[in-house]
Amino acid sequence: MKRIFTAITIAAFSMTAMADNAKVTVHVNQGSQKIHKEIYGQFAEHLGSCIYGGLWVGENSQIPNINGYRKDVFEALKALQIPVLRWPGGCFADEYHWMDGIGPKDKRPKMQNNNWGGTIEDNSFGTHEFLNLCEMLGCEPYISGNVGSGTVEELAKWVEYMTSDGDTPMAKLRRQNGRDKAWKVKFLGVGNESWGCGGNMRPEYYSDLYRRYSVYCRNYDGNNLYKIASGASDYDWNWTNVLMDRVGHRMNGLSLHYYTVTGWSGSKGAATKFTDDDYYWTIGKCLEIEDVVNKHAEIMDRKDPKKQIGLLVDEWGTWWDEEPGTIPGHLYQQNAMRDAFVAALSLNVFHRHCDRVRMANIAQVVNVLQSMILTDQKGTGHMVLTPTYHVFEMYKGFQEATYLPLDVQCTTKMARGDSHAKDGREISMLYSSAAKKADGSIILSLSNVSLTEPQEVEITLEGAQAKAVSGRILTCDNVADYNDFENPDRIRPVNFKDAKLKKGVLTVKVPARSIVVLDVK
Ligand code: AHR
């Protein structure tokens, strides 16, 4: 059996001993869409130790910090070139009252974080701390506004406080609190998961609320808000349908949440202990995000054929069981090479849909779910970069590059299914994505998800002549391997030597369980 699909593609070769053969054809002459850098967005919620102990330790901490921001974490995130950071939630956002987080720290009221373990927090990280962090990181802030338990007035005043430079009451208050010049805030979420923790609403009711709240979120002094409506979860097509009908072009973007493993309750499996069968199931479930994006995009296309409304996958990633011994409700999980594959394959999907997918924010940046960084929960001041961090770092070159369509031919395998795919899911053993950078070079990723078989990949660049190739590889002995405080560099990218260029044809040997990113000139 031999099948060829376009772009996502697969053809079945018979499994041979030694290396499997695969072919990738990159249509360099067909690139037209830009991969929005915001697809590499991050998400920071007041949840567990994402903010407190992760991003923020306070000025008086023993842990080295820059004005209260954890130094090692800050530097690692700076190196990642984060384009956008979403805050303060998540579910937390719909219980957050921003005025509690401004002014002198010792006067800020404490609050109970009802969504996440009932933890008491002191609001020492608020609007100034967040927006200043974004400035230091050089990223766009994405503010998630409170619609569930807040008022129209409260959200309107928050926008004024952050962005007005005039002689307005909120700008004056901001100045009193030490910040003279307004910040620029582009992305504004009007509620989060309004069908669930954000108010348990019906889409019809939420649509009306969106229309009302968004009117009073004004553009001050050259600030231009990109307003995002709270969108569907996974397979809730009706939510998207109703919002497209009732809100339509009043929104600039519509969000979508898709977790590879969904998870408020029940066992989801451990992050680092799983069978081969579980692993392949994860790959299949992760790739299902493409069907979900396609279906929501199709609904949007009917009302918005010019694709003016962005689809923002502003929460995605793996959601495993919390690590034993950690605080329940804090969603602290390890991050194995399996998670790195979920990151790489999901990013490939977002690239392919860059005509509609305007932003994506992996959940979450530090210490929560599929994070970039883990800090030691015992307060030793140690930090590790996860395999997922390394994928984001290796993929940096895709930001703002021109997406190049491609075809892949490779072996496939049936993975176990679930209630959404009763007969299982057919998965490829090789996944690839390519883009042309501003300097004319091509960035190309190859993910060999096979647990056992290396792949010998022949790459044809249609419409381009390759002259030089270099690259890096992220690989592991076991796909359940991870970095921890004892072995922080067990998984890290190293130079890759197995890409050969002969008469314009590129041949690459990709070991099993590996992600390779090439720079082709
Ligand atoms: O990322 C964790 C939680 O998942 C978010 O707070 C919520 O929006 C989603 O259900």
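Remember, it's a predicted structure, so these values are computed and weren't measured experimentally.

1. Notes on the site of the ligand
Next up, step 1: Neighbouring residues of the ligand: 13 residues in total, closest Glu45, Cys91, Glu193, Tyr259 and Glu315.
Next up, step 2: For the ligand, an oxygen atom lies 2.7 Å from a polar atom in the side chain of Glu315.
Next up, step 3: In the environment of the ligand, an oxygen atom lies 3.0 Å from a nitrogen or oxygen atom belonging to the side chain of Gln364.
Next up, step 4: Protein burial of the ligand: of its 280 Å² of free accessible surface, 99% is covered by the chains.
Next up, step 5: Its residues assigned to classes, the shell around the ligand comprises seven nonpolar, three polar and three charged.

2. Some remarks on the state of the cysteines
Next up, step 1: Evaluated as defined, the whole model comprises one disulfide.
Next up, step 2: In this model, Cys91 is linked to Cys197 through a disulfide, with the two sulfur atoms separated by 2.2 Å. Residues Cys91 and Cys197 are joined through a disulfide that is left-handed, its torsion about the S-S bond being -85 degrees. Here Cys91 is found in the loop between strand E5 (84-87) and strand E6 (111-113), whereas its partner Cys197 is found in the loop between strand E9 (187-190) and helix H5 (203-215), with 106 residues between them in sequence.
Next up, step 3: Taking relative accessible area as the criterion, Cys197 reaches 28% and is therefore assigned partly exposed.
Next up, step 4: Left without a disulfide partner, Cys354 is nearest to the cysteine sulfur of Cys286, which lies 18 Å away.
Next up, step 5: Overall, Cys354 belongs to the buried group, its relative accessible area being 2%.
Next up, step 6: You can see Cys410 has no disulfide; the closest cysteine sulfur is in Cys286, sitting 15 Å from it.

3. Points about the pairing of strand E1 (residues 20-27)
Next up, step 1: Burial runs high along E1: six of the eight residues are buried.
Next up, step 2: Alignment of E1 against strand E22 (residues 455-462), held across eight bridges, turns out to be parallel. Across the sheet, residue Ala22 finds its bridge partner in E22, namely Val457.
Next up, step 3: In this sheet, strand E17 (residues 406-409) lies alongside E1 in antiparallel orientation, the contact comprising four bridges. Counterpart to Thr25 in the pairing with E17 is Asp407.

4. Focus: the packing of aromatic side chains
Next up, step 1: Counted by the stated rule, this structure contains 22 aromatic pairs.
Next up, step 2: Both rings, one in Phe92 and one in Tyr96, keep their centres 5.4 Å apart while their planes meet at 35 degrees; by these two values the pair is tilted.
Next up, step 3: Residue Phe92 is classed as buried on the basis of its relative accessible area of 1%.
Next up, step 4: Geometrically, the ring pair formed by Tyr395 and Phe398 is tilted, given 5.0 Å between the ring centres and 45 degrees between the ring planes.
Next up, step 5: We classify Tyr395 as buried; its relative accessible area is 0%.
Next up, step 6: Members of the aromatic cluster, joined through ring pairs, are Trp56, Tyr69, Trp87, Phe92, Tyr96, Trp98, Phe125, Phe130, Trp158 and Tyr161.
Next up, step 7: The side chain of Lys413 reaches across the aromatic face of Tyr280, ending 4.6 Å from its centre.

How each quantity is defined
- Residues numbered from 1 in each chain as written.
- Predicted model: local features only at pLDDT ≥ 70, side-chain atom pairs only at ≥ 80, totals over all residues.
- Heavy atoms only, no water.
- Near = heavy atom within 4 Å.
- Polar contact = N/O pair within 3.5 Å; in protein donor to acceptor, adjacent residues only side chain to side chain.
- Areas by Shrake-Rupley, 256 points an atom, 1.4 Å probe, with all protein chains shown as cover.
- Nonpolar A, V, L, I, M, F, W, Y, C, P; charged D, E, K, R; others polar.
- Disulfide = S-S within 2.5 Å.
- Helix = DSSP H or I, 4+ residues; strand = E, 2+ residues; numbered from the N terminus.
- Buried < 20%, exposed > 50% of the residue type's maximum accessible area, 1.4 Å probe, protein only.
- Pairing = 2+ DSSP bridges.
- Phe/Tyr/Trp six-rings, centres within 6.5 Å; stacked < 30°, edge-to-face > 60°.
- Lys NZ or Arg CZ within 6 Å of the ring centre and 35° of its normal.

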